[in-house]
Amino acid sequence: MAIEKLIQSLPKAELHLHIEGSLEPALMWQLANKHQVVLPYQSVAEIEAAYQFEDLQSFLDLYYAGADVLRDEDDFFQLMWSYLNKCRQENIVHAEIMFDPQTHTERGIGFEVFMAGFERAIAQARQQWGMSTLLIMSFLRHLPEADAFSTLEEARPYYDQIAAIGLDSSELGHPPEKFERVFARVRELGLKVVAHAGEEGPADYIWQAIKLLEVDRIDHGVNCQQDQKLVEYLIQQQLPLTVCPLSNLKLKVIEKMDHHNILQLLEAGMLVTVNSDDPTYFGGYLNENYRQLHAALGMNTAQLKQLLINSFKASFLPESQKQHWIDNINVY
Ligand code: HPA
Ligand SMILES: [Zn+2]
């Protein structure tokens, strides 16, 4: 079978997806009208045209501004529902979805609003087509650690709906060590830990995420090759990286897709996975990321199969469910 068909048809997991980064320009436009939010754009086409980024921060500025149209429970339902439908179209059978509560609580929108919307969409997708999802609550690292502590406290009624806690937003100048104490508390609560590290930041930030936060996965991590000892450690420990190729291209972490190191890392034996990060901002959902790896880097069928296996291996699913899906990755 042609690789494009395999990319579409094989079961896959997505492990690095910010739900606020799946807000479609058309939905942003519709919600801005609904709530009379004034956007600095005159049309959906203008929103799309604005998505040209120089670096992570230039993206984050638009991403937080875009999230301002999300106001009531139904908005969060629609946001989640639209992504879960995309999963169905792309044969993403399991998704571990990040959300940024501080982006909403800072605007006076509480957990009871967004969690209710997310949960309603998740339950509907589970009932209608057996969609499997886990939620990852992420702290914004440009804010103080004290704010992360209070967010963790506010989330208390929802702990049984949250599988893991993450760390995202502006990386440079906000190293993992800034959040060492709050992640110690997270681990005491029995939650898994992930952190963005080594996207724009140095290999040392990846070491800090490992040693100080005791992460179960690294989000991005593409700068690991700056430190050969770190590369060896990641291989030996099989500590997963959730890599986002189109994101790296759009945020100029790499100059061209054919410079991406994901297949090198894969061939070296690292547990790397492919993910879309913020698909509406970066020009493609998950399958488009796989397609571009084939087009630009010549990803072959064996590599595709390994990346799909990795997507389940690196997930927080129970072992039996991981194995079930891995057994269903049939490449002819
Ligand atoms: O790629 C990212 N990096 C950091 N923070 C983010 N928040 C959404 N996407 C990202
Ligand atoms: Zn991310």
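Rules behind the numbers
Chains are numbered independently. Their residues run from 1 in the order of the written sequence. Lettering of chains starts at A and numbering of ligands starts at 1, both following the order in which they are written. Per-residue local features are limited, in this predicted model, to residues with pLDDT of at least 70; the limit for side-chain atom pairs, both in listing and counting, is 80 or more; totals at the level of whole chains, interfaces and linings are taken over all residues. UniProt positions are given in the numbering used here, feature names are shortened, and annotations may be inferred rather than shown by experiment. The term nonpolar core refers to a set of buried Ala, Val, Leu, Ile, Met, Phe, Trp, Tyr and Cys residues connected through C-beta atoms within 7 Å. In this scheme every C-beta is placed from the backbone, and a residue whose C-beta has 20 or more other C-beta atoms within 10 Å is buried, one with 12 or fewer is exposed, and one in between is partly exposed. By definition, residues are in contact whenever their C-beta atoms, placed on the basis of the backbone, come within 7 Å of each other. For each residue, a C-beta atom is positioned from the backbone; the residue is called near a molecule or strand if that atom sits within 6 Å of it. Gly counts as polar in this scheme, as do all residues outside two lists: the nonpolar Ala, Val, Leu, Ile, Met, Phe, Trp, Tyr, Cys and Pro, and the charged Asp, Glu, Lys and Arg. We count a stretch as a helix when DSSP gives it H or I for four or more residues in a row; a strand needs E for two or more, and each element gets its number in order from the N terminus. Two strands are said to pair when DSSP picks up at least two bridges between them. Simply put, an axis is a line fit to the C-alpha atoms, just over the touching stretch for a helix, and the angle between two N-to-C directions goes from 0 to 180 degrees.

Under the annotation held in an unreviewed UniProt entry, the protein carries the name Adenine deaminase and is attributed to Salinimonas marina. Per UniProt, the protein has the following entry under Sequence similarities (unreviewed entry): "Belongs to the metallo-dependent hydrolases superfamily. Adenosine and AMP deaminases family. Adenine deaminase type 2 subfamily."

Caption draft 1: View of the nonpolar core. Counting 93 residues, the largest nonpolar core has Met-80, Phe-118, Val-193 and Ala-195 as the members making the most contacts within it. Excluding its chain neighbours within four sequence positions, the residues that come into contact with Ala-195 are Gly-166, Leu-167, Pro-176, Ala-209, Leu-213, Val-215, Ile-218 and Asp-219.

Caption draft 2: The site of ligand 1, seen in detail. What surrounds ligand 1 is the set His-18, Gly-21, Leu-56, Asp-168, Ser-169, His-196, Glu-199, Ser-247, Asp-277 and Asp-278. By residue class, the composition of the shell around ligand 1 is one nonpolar, five polar and four charged.

Caption draft 3: Structural detail: the UniProt feature "binding site: substrate" (unreviewed entry) in the protein. As annotated in UniProt, the feature "binding site: substrate" (unreviewed entry) corresponds to Asp-278 in the numbering used here. For Asp-278, the location among the structural elements is in the loop between β8 (272-274) and α14 (279-282). The exposure class of Asp-278 is buried, given the 26 C-beta atoms found within 10 Å. Apart from residues lying up to four places away in sequence, Asp-278 is in contact with His-18, Gly-21, Tyr-63 and Ser-247.

Caption draft 4: Just the pairing of strand β3 (residues 132-140), in detail. Counting buried residues in β3 gives seven out of nine residues, a clear majority hidden from the surface. Summarising the sheet, strand β2 (residues 92-99) and β3 pair through six bridges and their orientation is parallel. Looking at β3, one finds that Phe-99 is bridged to Met-137. The sheet contact formed by β3 and strand β4 (residues 164-168) spans five bridges and is parallel. Paired with Ser-138 across the bridge in β4 is Gly-166.

Caption draft 5: Structural view of unusual backbone geometry. In this structure, Gln-36 takes a positive phi of about 55° despite not being glycine. Inspection of the secondary structure puts Gln-36 in the loop between α2 (25-35) and α3 (44-49). Backbone geometry places His-220, a non-glycine residue, at a positive phi of 75°. In this fold, His-220 is placed in strand β6 (residues 217-220).

Caption draft 6: Representation of the sheet that holds strand β7 (residues 241-243) in the model. The strand order β1-β2-β3-β4-β5-β6-β7-β8 describes an open sheet built from eight strands, whose pairing is parallel. In this open sheet, the two edge strands, each paired with only one partner strand, are β1 (12-18) and β8. Pairs of neighbouring strands in the sheet enclose a mean axial angle of 25°, with direction left out of account.

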